[in-house]
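Working through the structure, step by step
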Amino acid sequence: MRSIYPAAALSAAALFLGGATVASAAPAPAEVYAEVTAADIADPGAVIVDSPAELAAARTAAQAIAWYSSRTGSTAYQGYCEKAARLSWNRTTHHPSAIEHWQSSDGARHTTGTPPKGAFVFWNISAYGHVGIADGSGGVWATSVNGAIGHAKQSYFGSYLGWKPGNSN
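Scoring rules and cut-offs
- The numbering scheme is per chain: residues are counted from 1 as the chain's sequence reads.
- Given that the model is predicted, a residue must reach a pLDDT of at least 70 before its local features are reported, and side-chain atom pairs must reach 80 or more before they are shown or counted; all residues, however, enter totals for whole chains, interfaces and linings.
- Hydrogens and waters are ignored; side-chain quantities use all the structure's heavy atoms.
- In plain words, nonpolar cores are sets of buried Ala, Val, Leu, Ile, Met, Phe, Trp, Tyr and Cys residues tied together by side-chain atoms within 4.5 Å.
- We call a residue buried when its accessible area falls under 20% of the maximum for its residue type, exposed when it is over 50%, and partly exposed in between, using a 1.4 Å probe and counting protein chains only.
- In this description a helix means any DSSP run of H or I spanning at least four residues, a strand means any run of E spanning at least two, and both kinds are numbered starting from the N terminus.
- Whether two residues touch is decided by their heavy atoms; if any such pair falls within 4.5 Å, the residues are in contact.
- Each reported salt bridge corresponds to a side-chain nitrogen of Lys or Arg within 4 Å of a carboxyl oxygen of Asp or Glu.
- One confidence number per residue, pLDDT, is output by the predictor and ranges from 0 to 100.
- Two aromatic rings from Phe, Tyr or Trp, using only the six-membered ring of Trp, form a pair when their centres are within 6.5 Å; if the ring planes differ by under 30 degrees the pair is stacked, by over 60 it is edge-to-face, and anything between is tilted.
- Remark: a charge is flagged as sitting over a ring if the NZ atom of Lys or the CZ atom of Arg is within 6 Å of the ring centre and within 35 degrees of the ring normal.
- Note: two strands are recorded as paired if DSSP finds a minimum of 2 bridges between them.
- Two N or O atoms count as a polar contact when they lie within 3.5 Å, although within protein this holds only if one can serve as hydrogen donor and the other as acceptor, and sequence-adjacent residues are included solely when both atoms are side-chain atoms.
- Every axis corresponds to a line fitted to the C-alpha atoms, with the helix fit spanning only the stretch in contact, and the corresponding angles, defined between N-to-C directions, vary from 0 to 180 degrees.
- To sort the angles, those under 35 degrees are grouped as roughly parallel, those over 145 as roughly antiparallel, those from 65 to 115 as roughly perpendicular, and the leftovers as oblique.
- Handedness of a helix crossing follows the sense of rotation of the near helix relative to the far helix, less than a right angle counterclockwise being left-handed and clockwise being right-handed.

**Considering the nonpolar core**
Residues Tyr68, Phe120, Val131 and Ile133 are the most contacted members of the largest nonpolar core, which totals 18 residues. Elements with a contribution of two residues or more to this core: helix H3 (61-69), helix H4 (81-89), helix H5 (98-103), strand E5 (120-123) and strand E6 (130-134). It is H3 that contributes the most residues to this core, five residues altogether. When sequence neighbours within four positions are dropped, the list of residues in contact with Tyr68 reads Cys81, Ala84, Ala85, Ser88, Gly132, Ile133, Trp141, Ala142, Thr143 and Ile149.

Listed below in structure tokens is the structure:
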């Protein structure tokens, strides 16, 4: 049975260190555990998981952004933007490319509005597309910003496609 937890239910003791998640989370209290409802699914900050253990391993938007910011200037993920986006959120779902992630049924596509903090942001700049993570204020963290991981305005890359909610699914 799949359940949904508000992002606030993530343990304050869960730490993000150098690309690894170290968690010392207590089991979720019974009042936090509930069936998934339509209202929960509409909450872009919600974390959908199958168990309290998965909740402890799930990342928040702030942690996904911290993954990128801690690697500012790195060229290790050049040509691997989808992998970087997946690792930033510690996702279990894998897509072969950014464009396939965008075209997939993995999350609702949005083509208007400012992407919320942690959202996957997509551009059609090559056959494989490009993806980064929104900062919530019109900027993005991505690979290929001046040839490395960096922060830029959303308009830095041309051919904007849109955004999908970020998550650890």
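**Some details on the pattern of salt bridges**
Evaluation of the coordinates by the stated rule reveals one salt bridge. In this structure, Arg91 engages Asp106 in a salt bridge whose closest nitrogen and oxygen atoms are separated by 2.2 Å. Pair noted here: Arg91 is in the loop between H4 and H5 and Asp106 is in the loop between H5 and E5, with a separation of 15 residues, a long-range link. Its relative accessible area of 5% is what places Arg91 among the buried residues.

**Considerations on the confidence of the model for the protein**
Keep in mind that low pLDDT regions are not for reading the predicted coordinates in detail. In the predicted model, the protein carries a mean pLDDT of 79, and 66% of its residues have values of at least 70. Confidence drops under pLDDT 50 across residues 8-33; counting only partners more than four residues distant or on other chains, this segment forms 43 contacts.

**A few points about the packing of aromatic side chains**
Taken as a whole and judged by the stated rule, the model has five aromatic pairs. Summarising the aromatic geometry, the rings of Trp123 and Phe157 are spaced 4.8 Å apart at their centres and angled 55 degrees between planes, so their arrangement reads as tilted. Here Trp123, found in strand E5, pairs with Phe157, found in the loop between strand E8 (148-153) and strand E9 (160-164); they are 34 residues apart in sequence, far enough to count as distant. Taken together through their ring pairs, the aromatic side chains of Trp67, Tyr68 and Tyr77 make up a single cluster. The aromatic ring of Trp102 is capped on one face by Arg109, whose charged end is 5.8 Å from the ring centroid.

**Digging into H4**
Buried residues dominate H4, accounting for seven of its nine residues. Buried within H4 are the following residues: Cys81, Glu82, Ala84, Ala85, Arg86, Ser88 and Trp89. Backbone geometry just after H4 places Asn90 at a positive phi near 55 degrees.

**Focus on the pairing of strand E7 (residues 139-145)**
Across a regular strand the side chains alternate sides, sitting on one face of the sheet and then on the other. Taken across its seven residues, E7 has six buried, putting it largely inside the fold. Where E6 and E7 come together, two bridges link them in antiparallel fashion. Among the inter-strand pairings, Ala134 is bridged to a residue of E7, identified as Val140. Summarising the sheet, E7 and E8 pair through five bridges and their orientation is antiparallel.

**Quick notes on the side chain of Gln63**
With respect to the helices and strands, Gln63 occurs in helix H3. Polar side-chain contacts of Gln63 include one of 2.9 Å to the backbone nitrogen of Thr60.

**Remarks on the packing of H3 against H4**
Running from N to C, H3 and H4 point in directions that differ by 130 degrees, and their axes come no closer than 7 Å. As far as their axial angle goes, H4 and H3 are oblique. Seen from above, H3 lies across H4 with right-handed handedness. Along its contact with H3, which presents Ala61, Gln63, Ala64, Trp67 and Tyr68, the element H4 presents Cys81, Ala84, Ala85, Leu87, Ser88 and Trp89.

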